[in-house]
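Understanding the architecture of this molecule
The chain contents come next:
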Amino acid sequence: PVALHCSHRHLEAHANPRHAAALNMSAEEEKGPTIYEAAADEEIKDSHWEYQCRKNRNDGKGDAVYTNLAYLPVCNCMPVCKAGCRNPLFMWTKKGAH
């Protein structure tokens, strides 16, 4: 059975391989920056107390979260902010996972 949320164009892609190739090609053309790329210019401020506390634990070496995870800016309003995020959030994420 086909899921009810599929669009007509998506259903055509399932039925015809040529349509599937065209659908994939148009999706690649419309691809913009990721949620990480849109907010990449943001810096961690001193007011981010959790980050600052974790960074300064263990005589400035940082705790397990600080040493094993990356604290990255994320654009929470994609795809609206294509040229830079207006209101970035920061989140802990696995290093190298983005």
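The sections below set out a description of the structure shown in this document. (Residues numbered from 1 in each chain as written. Predicted model: local features only at pLDDT ≥ 70, side-chain atom pairs only at ≥ 80, totals over all residues. Heavy atoms only, no water.)

**Digging into the packing of aromatic side chains**
Applying the stated rule across the entire model yields five aromatic pairs. Aromatic pair Tyr 71 and Trp 92: ring centres 4.7 Å apart, planes at 45°, arrangement tilted. Here Tyr 71 is found in strand β1 (residues 69-75), whereas its partner Trp 92 is found in strand β2 (residues 88-94), with 21 residues between them in sequence. What makes Tyr 71 buried here is its relative accessible area of 15%. In textbook terms, an aromatic cluster arises when at least three aromatic residues are bridged by ring pairs, as seen for Tyr 51, Tyr 66, Tyr 71, Phe 90 and Trp 92. (Phe/Tyr/Trp six-rings, centres within 6.5 Å; stacked < 30°, edge-to-face > 60°. Helix = DSSP H or I, 4+ residues; strand = E, 2+ residues; numbered from the N terminus. Buried < 20%, exposed > 50% of the residue type's maximum accessible area, 1.4 Å probe, protein only.)

**Considerations on helix α4 (residues 49-60)**
Taken residue by residue, α4 has Tyr 51, Gln 52 and Arg 54 as its buried positions. Seen from one end, α4 has its buried residues packed into an arc of 165°, which puts them on one side. Exposed residues pointing more than 90 degrees away from the buried face of α4 are listed as Trp 49, Asn 56 and Asp 59. Two residues or fewer after α4 comes Gly 62, characterised by a positive phi angle close to 90°. (Arc of directions from axis to C-beta.)

**A closer look at the pairing of β1**
Buried residues dominate β1, accounting for six of its seven residues. In this sheet, β2 lies alongside β1 in antiparallel orientation, the contact comprising seven bridges. Along β2, the bridge assignment pairs Leu 72 with Met 91. (Pairing = 2+ DSSP bridges.)

**Describing unusual backbone geometry**
Across residues other than glycine, the phi torsion is negative in most instances, and most of the peptide bonds are trans. One non-glycine residue, Asn 58, lies in the positive phi region at around 55°. Its place among the elements puts Asn 58 in helix α4. Of note, Asp 59 is a non-glycine position whose phi angle comes to about 55°, a positive value. Looking at where Asp 59 falls in the secondary structure, it is placed in helix α4. Judged by its relative accessible area of 80%, Asp 59 is exposed.

**Regarding the pattern of salt bridges**
Taken as a whole and assessed by the stated rule, the structure comprises three salt bridges. Where Glu 50 meets Arg 54, a salt bridge forms, and the shortest distance between an N and an O atom there is 3.1 Å. Taken together, the residues span about one helical turn, with Glu 50 and Arg 54 both in helix α4 at a distance of four residues. Across the salt bridge formed by Arg 57 and Asp 63, the nearest N and O atoms sit 3.1 Å from each other. Residue Arg 57 is classed as partly exposed on the basis of its relative accessible area, which comes to 42%. A relative accessible area of 10% means that Asp 63 is categorised as buried. (Salt bridge = Lys/Arg side-chain N within 4 Å of Asp/Glu carboxyl O.)

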